[in-house]
Amino acid sequence: MAQSNLKAYPVWDGGVRLFHWVNVLTIIGLLAIGLVLMFSKDLGITDEGKILLKAAHIWVGYVFVVNLLARFVWAFLGNRFARWKAILPFGKVYKAQFQAYLQGRKIGRDVHFLGHNPLGRWSVLLMFLLMIGQGITGLVLASTDLYMAPFGSQMKAWVAEDEAAIAMVQPYQKQGVDPIAYQEMRDFRKPFRTLHTYFFYLLMFSIVLHISAVIVEEKRRRNGLTSAMITGEKVFKEKPFDAD
Ligand code: HEM
């Protein structure tokens, strides 16, 4: 029987893996509903239909935001590969890894990493920033469009004719709404909508880059990069630079 000199090393803990797959699923959901919303006019969707789609997008969005926040908390609690020090492209550890990576490239010798490699850290940072942007703008849109959490009641109070009319304010309806205050609120909302659309394009671009990099690395190194997000382990012939 052929003897394998591959060794499995634990890397992604349960928290990271759970975050990753909930993130993937919610982004697919948000992307699908978001695209339908984007083309809702061409698709002939009625106002009622739009309200329903937006509410569904927002509820999936809440799961996405809570999952993202939980990941940020996990970056203080998880194993050493889950922590900020191993994710962000800053600090002493990053510098040492980057130097080793460059040195390896110079002499044509691959340096293997168990956690993110130095370039991968930049890609993680970019995706986290875009997801934070998408989360914040999305929450403002949810509040200013369907008057949903987190600021829906404040928005209702802003656009209502007076205090007594607050309860009458409903999405897509003019009842109890002061037209000038409503216009002010819509003007406030506009840049968030623009950003939400641009962040969406950028996030899609960064996801395509991320998946392409995973495919290239997986084919080149054959160390179980993809399955590591399920099993938590990667396999290597030689000890990775950042292993214990
Ligand atoms: C990865 C995350 C997200 C993606 C990819 C995404 C994608 C999109 C897209 C493509 C649209 C249509 C934009 C347009 O018509 O120009 C949209 C609209 C919207 N999104 Fe998101 N979204 C995300 C996160 C969120 C979150 C977290 C929330 C709130 C909890 C949210 C709330 C909304 C709302 C309320 C609209 C309707 C805006 C309007 O029609 O004026 N989104 N989203």
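Named according to an unreviewed UniProt entry, the protein is Cytochrome b originating from Methylophaga nitratireducenticrescens. A UniProt comment under Sequence similarities (unreviewed entry) is attached to the protein, and it reads "Belongs to the HupC/HyaC/HydC family." The record held by UniProt for the protein lists under Subcellular location (unreviewed entry) the comment "Cell membrane".

The next subject is the pairing of strand S2 (residues 233–236). Only one face of S2 is covered, namely the face carrying Lys-234 and Phe-236; the face carrying Glu-233 and Val-235 is uncovered. Sheet topology places strand S1 (residues 7–10) next to S2; four bridges connect them, and they run antiparallel. Paired with Tyr-9 across the two strands is Lys-234, which belongs to S2.

Time to look at the packing of helix H2 (residues 47–77) against helix H5 (residues 118–145). Closest axis-to-axis distance for the H2/H5 pair is 10 Å, and the angle between their directions is 140 degrees. Of the possible angle classes, the one that applies to H2 and H5 is oblique. Regarding H2 and H5, the two cross each other, and that crossing is left-handed. Here Lys-54, Ile-58, Tyr-62, Phe-64, Val-65, Leu-68, Arg-71 and Phe-72 of H2 come into contact with H5, specifically with Phe-128, Met-131, Ile-132, Gly-135, Leu-139, Ala-142 and Asp-145. Its residues assigned to classes, the contact of H2 with H5 shows eleven nonpolar, one polar and three charged.

This part covers the packing of aromatic side chains. Within this structure, the stated rule accounts for 15 aromatic pairs. Seen from their ring centres, Phe-76 and Trp-84 are 6.2 Å apart, and the 75 degrees between their planes marks the pair as edge-to-face. Following the ring pairs from residue to residue traces out a cluster consisting of Phe-19, Phe-72, Phe-76, Trp-84 and Phe-128.

Before going further, it helps to examine the pattern of salt bridges. One pass over the structure, following the stated rule, counts nine salt bridges. The residue Arg-220 makes a salt bridge to Asp-110 at a minimum N-O spacing of 3.5 Å. Highlighted residues: Arg-220 in helix H7 (residues 179–221) and Asp-110 in the loop between helix H4 (91–106) and H5, separated in sequence by 110 residues. Judged by relative accessible area, which is 41%, Arg-220 ranks as partly exposed. The class of Asp-110 is partly exposed, set by a relative accessible area of 31%.

Further remarks concern the site of the ligand. Of all residues adjacent to the ligand, which total 23 residues, the nearest are His-57, Arg-189, Arg-193, His-196 and Thr-197. His-57 has a polar side-chain atom sitting 2.8 Å from a nitrogen atom of the ligand. Taken together, the elements giving at least two residues each to the shell around the ligand come down to helix H1 (14–38), H2, H5 and H7. Tallied by class, residues from the shell around the ligand come to 13 nonpolar, seven polar and three charged.

Let's shift gears to the coordination of the iron atom of the ligand. Taken together, His-57 (NE2) and His-196 (NE2) make up the full set of protein donors to the iron atom of the ligand, lying 2.1 Å away. Each of the six donor atoms bound to the iron atom of the ligand contributes to angles spanning 88 to 179 degrees, and the resulting shape is octahedral. Separated by 139 residues along the polypeptide, His-57 in helix H2 and His-196 in helix H7 bring together distant segments of the chain. Judged by relative accessible area, which is 17%, His-57 ranks as buried.

Note that an α-helix has 3.6 residues per turn; residues three or four places apart therefore point the same way. End to end, H1 covers 35 Å across 25 residues, agreeing with the expected 36 Å (1.5 Å per residue, within 8%). Taken together, the buried positions of H1 are occupied by Val-16, Phe-19, His-20, Asn-23, Thr-26, Ile-27, Leu-30, Ile-33, Gly-34 and Leu-37. Contacts from the buried residues of H1 go to H2, H5, H7 and helix H8 (228–231). Taking the backbone nitrogen of Gly-15 as reference, a side-chain oxygen 3.2 Å away marks Asp-13 as the first, capping residue of H1.

Reading the values: the criteria
Residues numbered from 1 in each chain as written. Predicted model: local features only at pLDDT ≥ 70, side-chain atom pairs only at ≥ 80, totals over all residues. Heavy atoms only, no water. UniProt positions renumbered as here; feature names shortened; annotations may be inferred. Buried < 20%, exposed > 50% of the residue type's maximum accessible area, 1.4 Å probe, protein only. Helix = DSSP H or I, 4+ residues; strand = E, 2+ residues; numbered from the N terminus. Pairing = 2+ DSSP bridges. Axes fitted to C-alpha atoms, helices over the stretch in contact; angles between N-to-C directions. Parallel < 35°, antiparallel > 145°, perpendicular 65-115°, else oblique. Left-handed = near helix turned anticlockwise from the far one by under 90°. Contact = heavy atoms within 4.5 Å. Nonpolar A, V, L, I, M, F, W, Y, C, P; charged D, E, K, R; others polar. Phe/Tyr/Trp six-rings, centres within 6.5 Å; stacked < 30°, edge-to-face > 60°. Salt bridge = Lys/Arg side-chain N within 4 Å of Asp/Glu carboxyl O. Near = heavy atom within 4 Å. Polar contact = N/O pair within 3.5 Å; in protein donor to acceptor, adjacent residues only side chain to side chain. Donors = N, O, S within 2.8 Å, 3.2 Å for Na, K, Ca; no water. Tetrahedral: all angles 85-135°; square planar, octahedral: opposite > 155°, others 65-115°. Expected span 1.5 Å × (residues − 1).

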